[in-house]
Amino acid sequence: MSIAASLQKSTTESLKALFGQPFTEKDFQVSQTKPEFEGDYTVVMFSLVKSLKLSAEVIGNQLGVHLVENYPHLFSAYNIIKGFLNVTVTDNYWLALLEKNYDDICFGKQPLNGKKVMVEYSSPNTNKPLHLGHLRNNFLGWSVAEILKANGNSVLKSCIVNDRGIHICKSMIAWQMFANHATPQSTHTKGDHFVGEYYVKFNNEYKKEVAALIAEGMDEKEAEKEAPIMRATQQMLQDWEAGKPEVIELWKTMNSWVYDGFDITYKTIGSDFDKIYYESNTYLLGKDIVRQGLDKNVFFKKPDGSVWIDLTSDGLDEKLVLRKDGTSVYITQDIGLAQQKYDEYKIDQSIHVIGDEQNYHMKVLQLICKRMGLPYADDIHHLSYGMVELPTGKMKSREGTVVDADDIVSEMEKEAMVKTAELGKVKEFTKSELTDLYHVIGLGALKFFLVRIEPKKKMIFNPEESIDFHGFTAAFIQYNYARIQSVLRKNEMLKVNLEAGSFLPLEKELVVSLERYGAVISQAAEELNPSLIAIYIFNVAKTFSSFFAEHSIAKAETAEKKQLRWQLANMTANVIKSGMALLGIDVPGRM
RNA sequence: GGUCCGGUAGCUCAGUUGGAUAGAGCAUCAGCCUUCUAAGCUGAGGGUCAUUGGUUCGAAUCCAAUCCGGAUCACCA
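Residues numbered from 1 in each chain as written. Chains lettered and ligands numbered in written order. Predicted model: local features only at pLDDT ≥ 70, side-chain atom pairs only at ≥ 80, totals over all residues. Heavy atoms only, no water.

This paragraph deals with a negative patch on the surface. Together, Asp 219, Glu 220, Glu 222 and Glu 224 make up a region of like negative charge exposed at the surface. When its relative accessible area of 51% is taken as the criterion, Glu 220 is described as exposed. (Patch = residues over 30% accessible without salt bridge, like charges linked within 9 Å, V, L, I, M, F, W, Y side chains within 5 Å. Areas by Shrake-Rupley, 256 points an atom, 1.4 Å probe, with all protein chains shown as cover. Salt bridge = Lys/Arg side-chain N within 4 Å of Asp/Glu carboxyl O. Lys, Arg positive; Asp, Glu negative; His and termini not counted. Charge placed at Lys NZ, Arg CZ, Asp CG, Glu CD. Buried < 20%, exposed > 50% of the residue type's maximum accessible area, 1.4 Å probe, protein only.)

Let us now look at helix H11 (residues 245-269). Given a rise of 1.5 Å per residue, 25 residues ought to cover 36 Å, and the 36 Å separating the end C-alpha atoms of H11 matches this to within 8%. Phi turns positive one or two residues past the end of H11, at Gly 270, with a value near 75°. (Helix = DSSP H or I, 4+ residues; strand = E, 2+ residues; numbered from the N terminus. Expected span 1.5 Å × (residues − 1).)

Here we take up the sheet that holds strand S9 (residues 307-310). On the basis of which strands lie adjacent, the open sheet formed by 3 strands has the order S8-S9-S10 and antiparallel pairing. Each end of this open sheet is capped by a strand with a single partner; those strands are strand S8 (300-301) and strand S10 (318-322). When S8 meets S9, the two strands line up antiparallel, connected through 2 bridges. Residue Phe 300 lies in a different strand from S9, and its bridge partner there is Trp 308. In this fold helix H13 (residues 287-295) packs onto S8, S9 and S10, with an angle of close to 120° to the strand it touches most, S10. (Pairing = 2+ DSSP bridges. Contact = heavy atoms within 4.5 Å. Axes fitted to C-alpha atoms, helices over the stretch in contact; angles between N-to-C directions.)

This part covers the protein's contact with RNA strand B. Close to RNA strand B lie 65 residues; Phe 84, Asp 304, Lys 425, Tyr 479 and Ser 486 are nearest. Here the atoms of RNA strand B within 4 Å of the protein split so that 62% fall in sugar or phosphate, with bases taking the remainder. Between RNA strand B and Phe 472, the relevant distance is 3.2 Å, taken from a sugar or linking oxygen to a main-chain nitrogen or oxygen of the residue. Within the backbone of Ile 553, an N or O atom sits 2.9 Å from a base nitrogen of RNA strand B. (Near = heavy atom within 4 Å. Polar contact = N/O pair within 3.5 Å; in protein donor to acceptor, adjacent residues only side chain to side chain.)

A few words now on the sheet that holds strand S3 (residues 75-81). Sheets are built from strands paired through backbone hydrogen bonds, the pairs being either parallel or antiparallel. Spatially, the 4 strands line up as an open sheet ordered S1-S2-S4-S3, and their pairing is antiparallel. Here the strands that pair on one side only, and so sit at the sheet edges, are strand S1 (29-32) and S3. Each neighbouring strand pair of the sheet contributes to a mean axis angle of 25°, computed without reference to strand direction. As paired strands, strand S2 (residues 41-44) and strand S4 (residues 84-89) are joined by 4 bridges and run antiparallel to one another. If you follow Tyr 41 over to S4, its bridge partner there is Val 87. Most of the contacts of helix H3 (residues 56-70) go to S3, to which it runs at about 175°, and overall it touches S2, S3 and S4.

What follows deals with the pattern of salt bridges. One pass over the full model with this rule turns up 23 salt bridges. For Arg 291, the salt bridge is made with Asp 288, and the minimal N-O distance between the two is 2.9 Å. In this pair, Arg 291 and Asp 288 are both assigned in helix H13, 3 residues apart and thus about one turn of the helix distant. By relative accessible area, which is 49% here, Arg 291 ends up partly exposed. Accessibility expressed as a relative area gives 48% for Asp 288, which makes it partly exposed. Of the charged contacts, one joins Arg 565 and Glu 557 as a salt bridge, the two residues approaching to 3.0 Å between their closest N and O atoms. If you follow the salt bridges from partner to partner, you end up with Glu 146, Lys 149, Lys 157 and Asp 272 in one network.

Let us look at the environment of Met 372. When you line up the elements, Met 372 lands in the loop between helix H15 (359-371) and strand S12 (380-385). Taking C-alpha positions, Met 372 is 32 Å from Met 387, a pair spaced 15 residues apart along the chain. In this structure Met 372 touches Ile 289, Gln 292, Gly 293, Lys 296, Val 298 and Phe 299, once residues within four positions along its chain are discounted.

Quick look at the side chain of Ser 171 now. Relative to the elements of secondary structure, Ser 171 occurs in helix H6 (residues 166-178). Apart from the residues within four sequence positions on either side, Ser 171 is in contact with Asn 127, Val 195, Tyr 198, Tyr 199 and Met 254.

Right, let's get into the layout of surface pockets. Approximately 1,600 Å³ is the volume found for the largest pocket. What lines the largest pocket is a set of 48 residues, among which Asn 125, Asn 162, Tyr 330, Glu 357 and Gln 358 lie closest to the centre. The set of elements that each furnish at least two residues to the lining of the largest pocket consists of helix H5 (132-150), H6, helix H12 (279-282), helix H14 (330-345), strand S11 (349-355) and strand S13 (388-389). Here the lining of the largest pocket gets 5 residues from one element, more than from any other, and that element is H14. Here the second largest pocket defines a volume of roughly 730 Å³. In this structure, the second largest pocket is lined by 26 residues; those nearest its centre are Thr 33, Pro 35, Gly 39, Lys 508 and Glu 509. For the lining of the second largest pocket, the secondary structure elements donating two or more residues are S4, helix H19 (505-515) and helix H21 (531-550). Ranked by residue count, the leading element in the lining of the second largest pocket is H19, at 6 residues. Within the lining of the second largest pocket, the residues separate by chemical class into 9 nonpolar, 9 polar and 8 charged. (1 Å grid on protein atoms, 1.4 Å probe; cavity = no way out; pocket = protein on both sides within 12 Å on 5 of 7 lines; lining within 4 Å. Points joined across faces, edges and corners; volume = space filled by probe spheres on them. Nonpolar A, V, L, I, M, F, W, Y, C, P; charged D, E, K, R; others polar.)

This part covers the nonpolar core. If you look at the biggest cluster of nonpolar residues, it comprises 154 residues, and the most contacted ones within it are Leu 132 and Leu 446. Looking at this core element by element, the count peaks at 11 residues for helix H17 (residues 431-451). For Leu 446, the residues in contact, after removing those within four places along its chain, are Leu 132, Leu 135, Phe 139, Ile 408, Val 409, Met 412 and Ile 467. In this structure, Val 298, Ile 309, Val 364 and Cys 369 belong to the second largest nonpolar core, which totals 26 residues. (Core = buried A, V, L, I, M, F, W, Y, C linked by side-chain atoms within 4.5 Å.)

A few words now on the pairing of S3. Inspection of the sheet shows S3 paired to S4 by 6 bridges, in the antiparallel sense. The partner of Ile 81 across the bridge, within S4, is Phe 84. In sequence, S3 turns back onto S4 through a hairpin of 2 residues, with Lys 82 there showing a positive phi of about 50°.

As a further point, take empty space enclosed by the protein. What the rule picks out here adds up to 2 cavities of 30 Å³ or more. Of the voids in this model, the largest cavity is the one considered here, and its volume is about 70 Å³. Forming the boundary of the largest cavity are Ala 338, Lys 341, Tyr 342, Ile 347, Asp 348, Gln 349, Ser 350, His 352, Tyr 376, Asp 379 and Ile 380. Broken down by secondary-structure element, the contributors of at least two residues to the lining of the largest cavity are H14 and S11. Partitioning the lining of the largest cavity into residue classes produces 5 nonpolar, 3 polar and 3 charged. As for the second largest cavity, its lining consists of Phe 139, Trp 142, Ile 269, Gly 270, Ser 271, Lys 447 and Leu 583. Grouping the amino acids of the lining of the second largest cavity by side-chain chemistry returns 4 nonpolar, 2 polar and 1 charged.

Here it is, written out as structure tokens:
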């Protein structure tokens, strides 16, 4: 149990003992004591004044005395300022905490709780390479999965690959028209980039054709429908659905090029999945559920044969679930996929990491599942995140205005190389050690940049002012980790009895901060919010950095101080490494 | 128009779920390497928490209205 939770518990017990009535943890608030006051944690008593009809001073005094007398192993002193009861935790508590955990690499993590969660993220289209927006999705999803694991859940990482549909056919048609049998191999191009080029080519050609038709006097809407390349694409989609061999062959070939490219990117950024779903296998699912829903009158049929659900009573609109020709739409397959996941794994919670542009869609999906009475309806959760935009506006792959994932990663590595060379601290590194270091620093900076902000906020990425290595960054944290490793290499831990020790302010601040790690993981898991981990780890590193500048470990005043600081440093390193791992960021032994 | 999200320092963001004098990073300015890694440390300046009203011991936080920005409301996915 965290010290904050212990204080909460002992406060409810004390209040009950003192005033003879039951209290819960909601009746008062516990928070960290502000640095300008004496004490470690604070009980806010204003909320108790009314129910007890006593002044805050009186309650605080009685409570303070009771806490110190009855929990002497936890609390050593208190003071009251206005309605705030500031409680000092005993030095022995902190010493014992350090002694027990300074070398525990699992500190802060929870044992398995039996809950099964699936996190779906990434969900790429197989017609273009990944871009910065996908990276935010990947890093968020991956990190949320790791945080949930650390908090005791069994987690399955999943991915739905959008490998079919009109947008895939666009790249295929363009390849047929313009490629002259070129391949990634023949052009020495990474497969996903290669296919992406044809997606852009499609759109250029399409625009040209539409413009030409309009020039001939056709109106815009019709021109967009009638453009020959679009007609050919639609024909191809029909051929695909009919299973026309040469179309399927081309589809498989081009998709395999893209997968080769994705594999490289995923490997580079450290993304992985336990289960991959393909839309080409799932797009027909869900129709049965719709049929059942028709029988139950959850859905209704319009005269033309299309099937709808009326969500107006929930403040939404009517939504189509089956076309008049009986084929399924986006939402239909999602219902089917949700059912399939549940059948396969009996998951307790299904988290979908999807951009906030799809808030409406996910709301509809959940509502439909609810109205159908599906058992997992309430366990579907949309982790919605804001778009990554450029100073010039939205990224559009159709128009080629995207920050490519592979490009940005290698640019960051290059930046890391330049900066490292300037500082000249790792001259004895081998070539491959250097490559690893640049990767760790460059990719770390990028991940931290994308994950340090609350998911639902949209963010603007300015390529001109590229991500730097100072302040609230991964590099700062990695740097402090490397410094600690250096100290630990040069100094051995002494084996001294620390029973009677006490803390200087920065030592105390550091151990108090480290103690919170478990609570931070829990909160991040509950809120599905990796930025809490990022902020926390940064604060740990910052506190360490001040501590490190102020107090020497090698030349500590006494043997006890040297041991205490050695253990503090070691535990800090472990927490940094562990926390950064939850964000998918590695830490170097030297930099 | 309906629904949803956002608006906090020049910029990028926190703000422990209603608590003490609203905090970090960047940028600016002033100090600090003969001492365990200066990708660092210490300090300074910088605020109408979009606006107005309400709720109460107490509001950046909750409620209402308004303003600004964004997303979405397809027989696309």
